[in-house]
Structure formats: C-alpha cells, structure tokens
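So the chains spell out like this:
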Amino acid sequence: MTIQTQDLPDPARARGHLPPLSRIAAYILIFLGAVLTIAPFYFMFVFATHTRDQIFQLPPPLWFGSHLQDNYPSLMERTPFWRNLWNSLYLAVLTTVTTMFFCTLGGFAFAMYQFKGRNFLFGLLLATMLIPGTLNIVPFALIMQGLGWIDQPRALWVPGMASAFGIFLMRQYIGSAIPRELVEAARIDGATEFGIFRKIILPLTGPASATLGLVTFVQSWNSFLGPLIIFRSSETFTAPLAIRTLQGIANTDWGALMCGVALTVVPLLIIFALASRQLIEGLTAGATKG
C-alpha cells in the first residue's frame, strides 16, 4: 500500500490559503500585543527624563525630556546605587552558576540512576513546589540568624543552589533528550560517573541549562523579599531594595526612582536580547523523544 504524497496538505500552502481578512486580523493582534508589551519599558525610560510634576500630568509625556541630568545625580545622592547594582549582579551570577551545576547533577541522578525510593524522593521534591514561599520567611530568617549570616550575601545564594524547579526541568530534559544507551556505552568504556556527567551530560544539556540559567538569573536579579529580610545596611542592599528606599510616605522623587528602575532593567534587556534564541530552544528541545 502506497501513500500518494502529492495529496497530503502542505502546511505552507495551507497558511497561504488563509483568508486575507484573517491574516490582517492576526497581524493586528500581534502588533497590539507587541505594543502592550513594549509600552511599559518605553514609558519607564521616558519618565526617567522628566520631573515628578511632568510624570503625573495628563496626558503623560510621550517623548524624552531634559531632566535626566537632574534625576541621575539625585539618585546617586540618596543611594550608593552602583554598589547596589553590583550586589545584585554578584548574587545573580553566583546563584545562576551554582543552580545550573547542582540542578543538572540532581536531574542526571533522577533521570539515569535506578535506586530505592527514587520516585518517592522525586515526588517529595515536587511537593515542595506547592508550598508558598511566604510560609518559609520566619524559619529562613531564624536559620540565617542562627548561622550568623545576616547581612551576608551567602545567606541568599547558598540555600538556593539546588531548586526543585531546576532539578525537575533538568530531569525531564535529560530523560527525554539523552539516550540511556549513551551513558551505558561510556561506562563500558571505563568512564567514571562524574566523567560521564562532565563530558557527556553537561555538553548535551546546553539548551535546558541556558533556559534554567536565564530564569534563575532574572529571578535572583528581581528578588526583593529575601534581600529585605537579610540585608541591614545600604551598602549591602541590592538594586530593588535601593529603589525601594527612594519611596517615602509623603514625598517621592519619582524622576530619580524611574531613573534607577531604568538602570536596573537595562542588564535584563541585554541578556534577553542575547539569550532569547537559547531560551526558545531550551523550552522546545526535548519535548519529543527520538
């Protein structure tokens, strides 16, 4: 029995036969979605160049102003902002690197090893993802105080070295994208277990590791509650905490605040521009096996 391939529908041809009005409506929806996504970032940079009165006028300013030279010095006078920005970068990089390594190691163990209680431990790991993070605030603060880690950066990146989400992501990717026979062949050739992890698993988990790294970096960069509990002095504050100190009960310098927000968001925009392709590959790779 043969299949007449010429009778099979061509996806490109099917898309080409969409009614013109449907294509126009789709393009309009995509355009509107892009505008709604970009608008907050655009106005953030615009407001960073205006005074408080100009920001809250109706209609709001739609183009850049001439008060950046006033907002930037005000920001630097009220906070050691570049120091705070460095603290955020230091924490985000350490958290990302350690999370990528230990989560890949844990995912490799759950995906490639058969041991007693594996499914129970994995289920217990997933169950921790159901616990709201706010429930851990008091125990976390007490433990860090008992260790003497208050006002120390390690109080944030050491407990986050292995996240449940990261282990789950890497376990699913390794189990679906890397053949078990490849690992068995390496063992037959005399490779050690850590050698298999370093020479085979790590190079083949690039897309998933990039996705995990990007998500972890953004989460650590934007973290507010953890640094709020741990840090006490303005010199150890991260960028989100420094921006929060600009807000007062009666008076807030919104121009300086928006300037700080814009400086904080710029590194994230650069990272997304450079790693967007790896992010998409990591989210789609390993979805099907074979």
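Higher on the page you've got the structure.
Throughout what follows, the structure given in this document is the object of discussion. Keep in mind the model is a prediction, meaning the values are calculated, not measured.

So, about the packing of aromatic side chains. Applying the stated criterion across every chain, the model contains 15 aromatic pairs. Here Phe 101 and Phe 102 contribute two aromatic rings whose centre-to-centre distance is 5.1 Å and whose plane-to-plane angle is 85°, an arrangement assigned as edge-to-face. Judged by relative accessible area, which is 31%, Phe 101 ranks as partly exposed. Among the aromatic residues, those joined into a ring-pair cluster are Phe 101, Phe 102, Phe 108, Tyr 113, Phe 194 and Phe 197. If you follow Arg 171 out to its NZ or CZ, it ends over the ring of Phe 122, 4.5 Å from the centre. Directly above the aromatic system of Tyr 113 lies the positively charged group of Arg 187, at a separation of 5.3 Å from the ring centroid.

Further remarks concern the nonpolar core. Core analysis: the largest hydrophobic core is formed by 24 residues, its most contacted members being Leu 75, Phe 81, Trp 221 and Met 258. Sorting elements by how many residues they give to this core places helix α15 (residues 254–284) first, with 7 residues. With sequence-adjacent residues up to four places away left out, Trp 221 is seen in contact with Leu 85, Ser 88, Leu 89, Ala 92, Pro 240, Thr 264, Pro 267 and Leu 268.

Conventions adopted
- Residues numbered from 1 in each chain as written.
- Predicted model: local features only at pLDDT ≥ 70, side-chain atom pairs only at ≥ 80, totals over all residues.
- Heavy atoms only, no water.
- Phe/Tyr/Trp six-rings, centres within 6.5 Å; stacked < 30°, edge-to-face > 60°.
- Buried < 20%, exposed > 50% of the residue type's maximum accessible area, 1.4 Å probe, protein only.
- Lys NZ or Arg CZ within 6 Å of the ring centre and 35° of its normal.
- Core = buried A, V, L, I, M, F, W, Y, C linked by side-chain atoms within 4.5 Å.
- Helix = DSSP H or I, 4+ residues; strand = E, 2+ residues; numbered from the N terminus.
- Contact = heavy atoms within 4.5 Å.

Remember that the coordinates give geometry; whether it matters functionally is a separate question.
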